[in-house]
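The primary structure of each chain is shown beneath.
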Amino acid sequence: MTTKHQQILEYIRSLPVGSQISVRKIARVLNVSEGTAYRAIKEAEAEGFVSTLDRIGTVRVEKKEKEQIERLTFAEVVRIVEGTVLGGKEGLHKTLSRFVIGAMRTESISRYLSPGCLMIVGNREQVQRMSLKSGAAVLITGGFTASPMVEKLANEYQLPLISCSYDTFTTASLINRALYDRLIKKDILYVEDVLQNQPLVILRPDDTVRKYYHLVEESGHSRMPVVDANGRLVGIISPRDVAEAELDAPVSRYMTRNPVSVTPKTTIASAAHRMAFEGFEIMPVVKDKDVIGVITRQDVIRALQIMNRQPQVGETVEDVVVRDFNVVQTPDGSAVLRGQVTPQMTTSGGTIATGSLTTIIQEAARVCLRRARHVDMLIENMTLYVLRPVPVDTTIDARARVLNDGRRYAKVEVEIADKSDVFAKALVTAQWIER
């Protein structure tokens, strides 16, 4: 049975791209309450096929696929450069393919223009007109406005005409930074990326414990979600719950209510941490309260291995800190992480920042533990003692040794020093993530 919420989502998906959407209109057309319409619109916005644009309102947009995440819409460009829309508001939902800087002769610009691109230019009206006629949006820098003729062209072609107060170089840098941030996001794996399209093994609240044991033998999983008639997650059942249960009793009597779950947008790193911390072998994946699948420990391990092997397109802060640190073998057979403190890693006072120091310590602990046991791990806790500040340009060694290696946890001591001084010591606790 299709719920009103699902009916609204299907209706929104059927609307043409660019259509304006309002709570009142949907409530009137589909004969639902405004509260129900509002919740469905927010769900559509979370899924990416609806967007709320400044000065426009809520509109139906093209859903951004994961592989297209490095692209921006023109509405996002307006926000990034703190701009003003002068014309072509109907095209703000469109996606820009690339941007062109109009710092060349007018006769040479035409070869770089194509539909979907963004021309960044000053108060050169001829270039503005040429760009709009070629299907390119226009971003005017320096705080200049456009003539009525250019505004008319933008509205006619439904191409955004934007003005901002920044100079051309700063404007291009801001847009490039936003694209770079999206490249980093593109490398992050989410639960939806590894969720397999397999038959879902579930139980109903009135199913018996006997059926649970039967499904355990068939599926090989001992932890199963319990869902109601509408597919909503109501509990989870595990061997510990039914250890002394009657075989003909319903699972609702023994299941754990309000179970821990993840969503498709949960990162793999977060899911791995929860599974390791709770000792779960499987977790239900919930979207709008409906169970759409499960993620297993094997899925998480495989995804973490892929993350470790893939090349980084965009560098995170952690990548920048440990980029120039290398693993060096010492005469006693141990390994240390050696590198130089760069200006990017320091505070305004010229000493290493606490965030950079903890990043180096955590990386040294990872290197040490991976040599001890070839499995994935997560940092759980760290206690840091700073003995003296580390000056910029100092070459330091991060030396780690295992103090305690248990079945689920390991404790590592890390020392930060150069040839003559010890700067800091830390005690790191990590969790193993094993199959």
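The protein is annotated in an unreviewed UniProt entry as DRTGG domain-containing protein from Alicyclobacillus sendaiensis PA2.

A.B. asks: How should I be thinking about the overall build of the protein in this particular structure?
C.D. replies: Per the secondary structure count, the protein includes 14 helices and 21 strands. Considering the protein as a whole, with its 435 residues, one finds that 42% of them fall into the buried category. Working note: accessible area of the protein is about 23,100 Å², and carbon and sulfur atoms make up 49% of it.

A.B. asks: What exactly am I supposed to notice about the nonpolar core here?
C.D. replies: Taken as a class, soluble globular proteins show a tendency for nonpolar side chains to be buried jointly. In terms of nonpolar packing, the biggest core is built from 30 residues, with I360, I396, V414 and I416 touching the most fellow members. Judged by nonpolar contacts, the second largest core, of 19 residues, contains L72, A75, I80 and L139.

A.B. asks: What am I meant to see in the pattern of salt bridges here?
C.D. replies: A side chain with one charge can pair with a side chain of the opposite charge if their charged atoms come near. Throughout the structure, instances matching the rule amount to ten salt bridges. A salt bridge links R129 to E125; its shortest N-O distance comes to 2.7 Å. Here R129 and its partner E125 are both found in helix α6 (residues 125-133), four residues apart, which amounts to about one turn of the helix. Given a relative accessible area of 30%, E125 falls into the partly exposed group. Across the salt bridge formed by K265 and E192, the nearest N and O atoms sit 3.0 Å from each other. Of this pair, K265 sits in the loop between β13 (256-257) and α11 (268-278) while E192 sits in helix α9 (residues 191-194); the two residues are 73 residues apart in sequence, bridging distant segments of the chain. When its relative accessible area of 52% is taken as the criterion, K265 is described as exposed.

A.B. asks: Help me understand the environment of P250, please; the structure alone is not making it clear to me.
C.D. replies: Along the chain, P250 falls in the loop between β12 (233-237) and β13. Put simply, P250 and Y212 are 38 residues apart on the chain and 9.7 Å apart in space, counted from C-alpha to C-alpha. What P250 contacts, discounting residues up to four positions off in sequence, is P205, D206, D207 and T208.

A.B. asks: Just checking my understanding: could you explain the packing of helix α2 (residues 23-30) against helix α3 (residues 34-47) for this structure?
C.D. replies: How two helices pack is summed up by the angle between their axes together with the distance between the axes. Put simply, α2 and α3 touch, their axes get as near as 8 Å, and they point 115° apart. Classified by chirality, the crossing of α3 by α2 is right-handed. Seen from α2, the contacting residues are V23, R24, I26 and A27; seen from α3, they are E34, A37, Y38 and I41.

A.B. asks: For this particular structure, what's the right way to read the sheet that holds β13?
C.D. replies: The pairing of strands in a sheet comes from backbone hydrogen bonds and takes either a parallel or an antiparallel form. Judged by pairing direction, the sheet is antiparallel, and its three strands sit side by side in the order β11-β12-β13 without closing on themselves. Of all the strands in the sheet, just β11 (224-227) and β13 have a single pairing partner and so form its edges. The pairing of β11 with β12 spans four bridges and is antiparallel. Note that in β12 the partner of M224 across the bridge is I237.

A.B. asks: Where do I start with the environment of C117 in this structure?
C.D. replies: With respect to the element layout, C117 can be found in the loop between α5 (106-109) and β8 (118-121). Sequence separation between C117 and R98 is 19 residues, and the spatial gap between their C-alpha atoms is 4.9 Å. Among all residues touching C117, those that are not within four sequence positions of it are F74, S97, R98, V100, Y112, A136 and A137.

A.B. asks: I'm lost on the packing of aromatic side chains in this one. Help?
C.D. replies: For any pair of aromatic rings, the description consists of the separation of the ring centres together with the inter-plane angle of the planes. For the coordinates displayed, the defined rule picks out one aromatic pair. Seen from their ring centres, Y212 and Y213 are 5.3 Å apart, and the 55° between their planes marks the pair as tilted. When its relative accessible area of 1% is taken as the criterion, Y212 is described as buried.

A.B. asks: Explain the pairing of β11 here, please?
C.D. replies: For a regular strand, the rule is simple: side chains alternate between the two faces of the sheet. Residue alternation in β11 divides its side chains into two sets, M224 and V226 and P225 and V227, and both sets are buried. Counted between consecutive antiparallel strands, the loop separating β11 from β12 contains five residues, among which G231 sits at a positive phi close to 80°.

A.B. asks: Just to check I follow, could you spell out the sheet that holds strand β9 (residues 137-140) for this structure?
C.D. replies: A sheet is described by the order of its strands in space; here five strands give the open sequence β5-β10-β9-β8-β7, paired in mixed fashion. Each edge of the open sheet is held by one strand with a lone partner, namely β5 (84-87) and β7 (99-101). Taking each pair of neighbouring strands and ignoring which way they run, the sheet shows an average axis angle of 25°. Here three bridges tie β9 to strand β10 (residues 161-163), and the two strands are oriented parallel to one another. What sits directly across from L139, in β10, is I162.

A.B. asks: Please explain the environment of A364 as it appears in this structure.
C.D. replies: Along the chain, the position of A364 falls in helix α14 (residues 354-372). For A364, a relative accessible area of 4% gives the class buried. Once the C-alpha coordinates of A364 and A335 are considered, the two residues, 29 residues apart in sequence, prove to be 8.9 Å apart. The contact partners of A364, leaving out residues within four places of it in the chain, are L337, A398, A400 and V414.

A.B. asks: Quick question: what am I supposed to make of the side chain of T429 here?
C.D. replies: Within the secondary structure, T429 is located in strand β21 (residues 422-433). Residues contacting T429, with those up to four places away along its chain left out, are L378, I379, E380, N381, Y409, A410 and K411.

How each quantity is defined
Here, residues in each chain are numbered from 1, in the same order as that chain's written sequence. A pLDDT threshold of at least 70 governs which residues receive local features in this predicted model, and a stricter bar of 80 or more applies before side-chain atom pairs are shown or counted, although totals over entire chains, interfaces and linings include all residues. Just so you know, side-chain values use all the structure's heavy atoms and leave hydrogens and water out. Here a strand is any run of E in DSSP of at least two residues, a helix any run of H or I of at least four, and the numbering for each starts at the N terminus. Think of it in three bands: residues with accessible area under 20% of the maximum for their type are buried, residues over 50% are exposed, and the middle band is partly exposed, with areas taken using a 1.4 Å probe on protein chains only. The Shrake-Rupley method, run with a 1.4 Å probe, gives the accessible areas here. Residue values count only the displayed protein chains as cover. By nonpolar core we mean a set of buried residues, namely Ala, Val, Leu, Ile, Met, Phe, Trp, Tyr and Cys, connected to one another through side-chain atoms within 4.5 Å. Any Lys or Arg side-chain nitrogen located within 4 Å of an Asp or Glu carboxyl oxygen qualifies as a salt bridge. Should any heavy atoms of two residues lie within 4.5 Å, those residues are considered in contact. Axis geometry follows a simple rule: fit a line to the C-alpha atoms, using only the stretch in contact for helices, then measure angles between N-to-C directions, giving values from 0 to 180 degrees. Crossing handedness: left-handed means the near helix sits turned counterclockwise from the far one by under a right angle, and right-handed means the same turn made clockwise. Criterion used throughout: strands pair if DSSP finds at least two bridges between them. Ring geometry is summarised as follows: Phe, Tyr and Trp rings, the Trp one being its six-membered ring, pair when their centres sit within 6.5 Å, and such pairs are stacked at plane angles under 30 degrees, edge-to-face over 60 and tilted between the two.

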